[in-house]
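# Structural features, examined
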Amino acid sequence: MLRLHGIIGTAHDAAYAGLIHELEHRDGIELLFVPPSDAGRKRFRLVTDRGTDCAVSLDRDEDLVDGAVLFLDPERAIIARFGEQEIWSLRPVDQAASLKLGWNAGNLHWRVRFDGDVLHVLLDAPLHTYRARILPLLESGEVEEVPS
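Residues numbered from 1 in each chain as written. Predicted model: local features only at pLDDT ≥ 70, side-chain atom pairs only at ≥ 80, totals over all residues. Heavy atoms only, no water.

### Topic: the nonpolar core
This is how the line gets drawn: Side-chain atoms within 4.5 Å are what join buried Ala, Val, Leu, Ile, Met, Phe, Trp, Tyr and Cys residues into a set we call a nonpolar core. Only protein chains enter the accessibility calculation, which uses a 1.4 Å probe; a residue is then buried when its area is under 20% of its type maximum, exposed when over 50%, and partly exposed in between. Helix and strand labels come from DSSP, where a helix needs a run of H or I of at least four residues and a strand needs a run of E of at least two; each type is numbered from the N terminus. Should any heavy atoms of two residues lie within 4.5 Å, those residues are considered in contact.
L4, L32, F44, V56, L64, L70 and I78 are the most contacted members of the largest nonpolar core, which totals 15 residues. Elements represented by at least two residues in this core include exactly β1 (2–5), β3 (29–34), β4 (43–47), β5 (53–57), β6 (68–72) and β7 (77–82). Element by element, the count of residues in this core is highest for β6, at 3 residues. Once residues within four sequence positions are removed from consideration, L32 is found in contact with F44, L46, V47, T48, C54, V56, L70, I78, I79, A80 and R81. Listed in part, the 14 residues of the second largest apolar core include V121, Y130, L138 and V143.

Set out below in structure tokens:
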């Protein structure tokens, strides 16, 4: 269990933006999804999207915000996100479409999980911004959206 005390800053703070951007490219960002029922608490225990067990404690004068950086070192960062992880599921229709979808997902640094022939994209932004990036694949029918 990793004990996290206090908020270091936010992911958008200029002081941390450079390191966080580098960590994104090295796949070093872990997200801690905080359900609404825990958002106002000062102490809670949750697991990140990468499986790190975290015990979080905040000072009385600290309020958790979406994007709060709870841990930061040269190898990884743990960032709080409010709500549940949204997932977009896609299925390529053939091997050629799989290569195209995989190339796009990798080139765009999408966080993904695999389940057989389905690619699950872990959303960090509104779905329409992801959909716009692969619209030609969707419109051509090479990639299908799978209902969750």
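### Comments concerning the sheet that holds strand β2 (residues 9–10)
Quick note on the threshold: In short, DSSP must find at least two bridges between two strands for them to pair. To get an axis, fit a line to the C-alpha atoms, keeping to the stretch in contact for a helix; angles then go from 0 to 180 degrees between the N-to-C directions.
Taken in spatial order, the 4 strands line up as β2-β6-β7-β3 in an open sheet, and their pairing is mixed. Every interior strand has two partners, whereas the edge strands, β2 and β3, have only one. The pairing of β2 with β6 spans 2 bridges and is classified as antiparallel. Considered in β6, the bridge of G9 is made with V69. Along the sheet, helix α1 (residues 14–25) makes contact with β2, β3, β6 and β7, crossing β6 at roughly 70°.

### Points about helix α2 (residues 95–107)
Using the following cut-off: A helix's residues, less one, multiplied by 1.5 Å, set its expected span. The directions considered for the arc run from the helix axis to the C-beta atoms. Think of a polar contact as two N or O atoms within 3.5 Å of one another; within protein, one of them needs to be a possible hydrogen donor and the other a possible acceptor, and neighboring residues in sequence only count if both atoms come from side chains.
The end-to-end C-alpha distance of α2 is 18 Å, a good match for the 18 Å that 13 residues give at a rise of 1.5 Å each. Three or more residues of α2 are buried, namely A97, L101, N104 and A105. Considered in projection along α2, the buried side chains sweep an arc of 95° and stay on one side of the axis. Opposite the packed face of α2, turned more than 90 degrees from it, sit the exposed residues Q95, L99 and W103. Next to the buried residues of α2 lie β8 (86–92), β9 (111–115), β10 (118–123), α3 (127–133), α4 (135–140) and β11 (143–146). A distance of 3.3 Å separates the backbone nitrogen of A96 from a side-chain oxygen at the start of α2, and that oxygen is part of D94. Downstream of α2 by one or two residues, H109 has phi in the positive range, about 60°.

### Description of the sheet that holds β4
Ordered in space as β1-β5-β4, the 3 strands form an open sheet in which the pairing is mixed. The two strands at the open ends of the sheet, each matched to only one other strand, are β1 and β4. Taken pair by pair, the neighbouring strands of this sheet meet at an average axis angle of 20°, ignoring direction. One ladder, built from 4 bridges, connects β1 with β5; its direction is parallel. Residue H5 lies in a different strand from β5, and its bridge partner there is S57.

### Quick notes on the pairing of β8
Bridge count for β8 against β10 is 5 bridges, and the pairing is antiparallel. Residue pairing across strands places W88 opposite V121, the latter belonging to β10. Pairing analysis gives 4 bridges linking β8 to β11, with the strands arranged antiparallel. Residue pairing in the sheet places L90 in a bridge with E145 of β11.

### Some remarks on α1
Compared with an ideal rise of 1.5 Å per residue, which puts 12 residues at 16 Å, α1 spans 18 Å between its outermost C-alpha atoms and is within 8% of the ideal. Directly beyond the C-terminal end of α1, a positive phi value near 60° is found at D27.

### Overview of the packing of aromatic side chains
The condition that has to hold: Each aromatic pair joins two rings of Phe, Tyr and Trp (for Trp, the six-membered one) with centres within 6.5 Å, and gets the label stacked for planes under 30 degrees apart, edge-to-face for over 60, and tilted for any other angle.
For the coordinates displayed, the defined rule picks out 2 aromatic pairs. Connected via pairs of aromatic rings, a cluster forms that spans W88, W110 and Y130.

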